[in-house]
Amino acid sequence: MKTIFLFILVTSAGLAYGQQHDQRANQMAKPGPRSMKATYDTTGQLGGRKRVPMDGKKDIVQNINNSHLFYMFMSAIRGVGLVQTLQGPGPYTVFAPSDSAFYGSTHVSKLLEENQAVDLRKVMSLHIVPGKFTTQQLRQAIAKGNGVARLKTISDEIVMVVEKNKQLIFTDKKGTQAIINLPDQMQKNGIIHVVNAVLLP
């Protein structure tokens, strides 16, 4: 089983974010329990970290790696062997939880800390859907599906997208909900929608 190297978590004690990306990757994160409500990222930013705009000429992995919003997501997909998948031709639609979304999930934090690669891969796979679905296409699918767009992930699980108060909400079969708060980030091999929670299989 591969060892999962985690990027250091942001704390309220004023950790500097000027460190190089590779320095972050070599530090083991140990997040404590946090409130999901308190850690929702509704702005596309985290702790003053400035988001790097995504480049439609680059692939999903390149943009996730460079964006400054996905240190934990990048670490997780690398640790469970999904980097090669997301560098492939695709296309893929990725509902990518930002780092603040990971802070709100004590279950996922435990998987990360304990190097539970099999279970973590199931979680990460739940956020990856074959095909390219823009928000316009998701809304069309919601209309055709009588209020619910049902999407099959790369692990053959079903996830759903619904619309409430003009917000698109990504949800799992257990009812966990993640708001799409930074939609339609175009990629060379697909599209990313940034979400503010981590779904579970």
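Residues numbered from 1 in each chain as written. Predicted model: local features only at pLDDT ≥ 70, side-chain atom pairs only at ≥ 80, totals over all residues. Heavy atoms only, no water.

In spatial order, the strands read S2-S1-S7-S6-S5-S4-S3; together these seven strands make up an open sheet with mixed pairing. Both edges of this open sheet fall to strand S2 (128-130) and strand S3 (149-152), since each of them pairs with a single strand only. Adjacent strand axes in the sheet meet at a mean angle of 30 degrees when their direction is disregarded. Note that strand S1 (residues 92-97) and strand S7 (residues 190-195) share six bridges and pair parallel. Across the sheet, residue Val-94 finds its bridge partner in S7, namely Ile-192. (Pairing = 2+ DSSP bridges. Helix = DSSP H or I, 4+ residues; strand = E, 2+ residues; numbered from the N terminus. Axes fitted to C-alpha atoms, helices over the stretch in contact; angles between N-to-C directions.)

Turning to the pairing of strand S4 (residues 158-164), a few remarks are in order. When S3 meets S4, the two strands line up antiparallel, connected through four bridges. By the bridge assignment for S4, Arg-150 is matched with Met-160. The turn joining S3 and S4, which pair antiparallel and follow one another in sequence, is formed by five residues; a positive phi near 65 degrees is taken by Asp-156. Of the pairings in the sheet, the one linking S4 to strand S5 (residues 167-171) comprises five bridges and is antiparallel in character. By the bridge assignment for S5, Met-160 is matched with Thr-171. Two successive antiparallel strands, S4 and S5, enclose a turn made up of two residues, where Asn-165 displays a positive phi of approximately 55 degrees.

Using the criterion set out here, one finds two aromatic pairs in the structure. Judged by centre distance (6.4 Å) and plane angle (65 degrees), the rings of Phe-70 and Phe-73 are edge-to-face. One exposure class covers both Phe-70 and Phe-73, and it is buried. With a centroid separation of 4.1 Å and an interplanar angle of 10 degrees, the aromatic rings of Phe-95 and Phe-170 are classed as stacked. Separated by 75 residues along the polypeptide, Phe-95 in strand S1 and Phe-170 in strand S5 bring together distant segments of the chain. Assigned by exposure class, Phe-95 and Phe-170 land together as buried. (Phe/Tyr/Trp six-rings, centres within 6.5 Å; stacked < 30°, edge-to-face > 60°. Buried < 20%, exposed > 50% of the residue type's maximum accessible area, 1.4 Å probe, protein only.)

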